[in-house]
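Chain residues, written in single-letter form:
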Amino acid sequence: MGCVIREATVEDCEQIMSLIQEIAAYHHLEHDVTINSEVLKADGFGANSFFKCLLAEQPAENGNKPGRPIGYALYYFGYSVNHGRMLYLENLYVVPELRSKGIGMKLMKKVAEVALAAGCKEIKFVTVEWNQGAKDFYDRMGAHDTTESMQWHCMELGWDSLQRLAGN
Ligand SMILES: CC(C)(COP(=O)(O)OP(=O)(O)OC[C@H]1O[C@@H](n2cnc3c(N)ncnc32)[C@H](O)[C@@H]1OP(=O)(O)O)[C@@H](O)C(=O)NCCC(=O)NCCS
């Protein structure tokens, strides 16, 4: 399917926010989203940007502007002490009515290009146990499941633990 992938700008934050809410709903985590488009503007497009975002759009027809984004990949750069530079893919999402048309793969291809251009050796991401469709999608491009092969568990220190630990 014809779609254009472009880097998001600060003007896209409302649209990105609504896609973030959609993927949160897909994961039954609507209640867990505490950011808003103003936070995205500051964190993605301020002096010290914490993430980058690629948007998929349908090309403009008859001189019209493209409509709302139909998918996105949100990522940031990190570092692996084993392998060096890496890209962490935080979110990948395509709107339900346009899935299975190659848009997700096109976004991933662009993410891979960005990773290589930045000197990254790997892309990391997580997917939830029940999301077999996403696992099949990632399998097809050669991803391997490190929970299965290396028994890694995802851990996090949430806000309360963080405060306690820091003695606040
Ligand atoms: C995973 C996702 C980004 C793939 O995008 P896409 O545009 O459908 O991907 P492509 O068209 O390039 O590839 C399609 C393949 O993805 C897989 N797939 C995963 N979930 C799917 C879904 N819900 N619907 C259709 N295909 C899905 C299938 O293997 C499919 O192959 P098929 O078309 O031969 O059945 C998209 O399905 C999505 O947004 N899902 C919900 C959110 C999600 O799971 N995100 C990733 C995990 S965090």
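For the structure itself, look to the data block above.
Here's what I pulled together on the structure shown here. (Residues numbered from 1 in each chain as written. Predicted model: local features only at pLDDT ≥ 70, side-chain atom pairs only at ≥ 80, totals over all residues. Heavy atoms only, no water.)

**Here's the deal with the overall build of the protein chain**
Looking only at helices and strands, one finds six helices and five strands in the protein chain. Compactness check: the protein chain gives a C-alpha radius of gyration of 17 Å against a globular reference of 15 Å for 168 residues, within 12% of the reference. Over its C-alpha atoms, taken along the principal directions, the protein chain stretches across nearly 60 × 35 × 35 Å. Here the protein chain, with 168 residues, has 31% of them falling under the buried criterion. Sequence separation of 24 or more characterises 59% of the internal contacts of the protein chain that already satisfy a separation of 6 or more. Of the accessible surface of the protein chain, which amounts to about 11200 Å², a share of 53% is contributed by carbon and sulfur atoms. Averaging the coordinates of the 16 positive side-chain charges in the protein chain and doing the same for the 22 negative ones gives two points 7 Å apart. (Helix = DSSP H or I, 4+ residues; strand = E, 2+ residues; numbered from the N terminus. Rg over C-alpha atoms; globule rule 2.2 N^0.38 Å. Buried < 20%, exposed > 50% of the residue type's maximum accessible area, 1.4 Å probe, protein only. Contact = heavy atoms within 4.5 Å. Areas by Shrake-Rupley, 256 points an atom, 1.4 Å probe, with all protein chains shown as cover. Lys, Arg positive; Asp, Glu negative; His and termini not counted. Charge placed at Lys NZ, Arg CZ, Asp CG, Glu CD.)

**Description of the packing of helix α1 (residues 13-26) against helix α2 (residues 37-45)**
At a minimum axis separation of 9 Å, α1 and α2 run at an interaxial angle of 110°. Taken as axis vectors, α1 and α2 run roughly perpendicular relative to one another. Pair α1 / α2 crosses with right-handed handedness. Touching C13, E14, I16, M17 and I20 of α1 are S37, E38, L40, K41 and F45, all from α2. (Axes fitted to C-alpha atoms, helices over the stretch in contact; angles between N-to-C directions. Parallel < 35°, antiparallel > 145°, perpendicular 65-115°, else oblique. Left-handed = near helix turned anticlockwise from the far one by under 90°.)

**Things to note about α1**
Over its 14 residues, α1 runs 20 Å from end to end, which matches the ideal 20 Å to within 8%, given 1.5 Å per residue. C13, I16, M17, L19, I20, I23 and A24 are the residues of α1 that are buried. Burial along α1 is one-sided: seen end-on, the buried residues are contained in an arc of 165°. Downstream of α1 by a residue or two, H28 has a phi angle that is positive, lying close to 60°. (Expected span 1.5 Å × (residues − 1). Arc of directions from axis to C-beta.)

**Brief notes about the site of the ligand**
Taken together, 19 residues are adjacent to the ligand, and V94, S100, G102, G104 and N131 come closest. Take G102: an N or O atom from its main chain is 2.7 Å from an oxygen atom of the ligand. G104 places a polar main-chain atom, nitrogen or oxygen, 2.8 Å from an oxygen atom of the ligand. Only β4 (84-94), α3 (103-117) and α4 (132-140) provide two or more residues apiece to the shell around the ligand. With six residues, the top contributor of residues to the shell around the ligand is α4. Looking at the shell around the ligand, its residues break down into nine nonpolar, six polar and four charged. (Near = heavy atom within 4 Å. Polar contact = N/O pair within 3.5 Å; in protein donor to acceptor, adjacent residues only side chain to side chain. Nonpolar A, V, L, I, M, F, W, Y, C, P; charged D, E, K, R; others polar.)

**Section: unusual backbone geometry**
With a phi close to 60°, H28 is a non-glycine residue in the positive phi region. By secondary structure assignment, the location of H28 is in the loop between α1 and α2. Of note in this structure, Q151 is not a glycine but carries a positive phi near 60°. Mapped onto the fold, Q151 is located in the loop between α5 (146-150) and α6 (159-165).

**So, the pairing of β4**
Most of β4 is tucked away, with nine of its 11 residues classed as buried. Note that strand β3 (residues 71-80) and β4 share 10 bridges and pair antiparallel. Note that in β4 the partner of F77 across the bridge is L87. Connecting β3 to the antiparallel partner β4 that follows it, the hairpin turn spans three residues. Pairing geometry for β4 and strand β5 (residues 122-124), over three bridges, is parallel. Opposite L87, over in β5, you have I123 as the bridge partner. Following the chain from β4 across α3 to the adjacent parallel β5, one finds a crossover that is right-handed. (Pairing = 2+ DSSP bridges. Right-handed = clockwise from strand over helix to strand, strands pointing away.)

**Quick notes on a nonpolar patch on the surface**
On the surface, a nonpolar cluster with roughly 490 Å² of combined accessible area is contributed by L157, W159, L162 and L165. Topologically, W159 is positioned in helix α6. The exposure class assigned to W159 is exposed, which follows from its relative accessible area of 61%. (Patch = residues over 30% accessible without salt bridge, like charges linked within 9 Å, V, L, I, M, F, W, Y side chains within 5 Å. Salt bridge = Lys/Arg side-chain N within 4 Å of Asp/Glu carboxyl O.)

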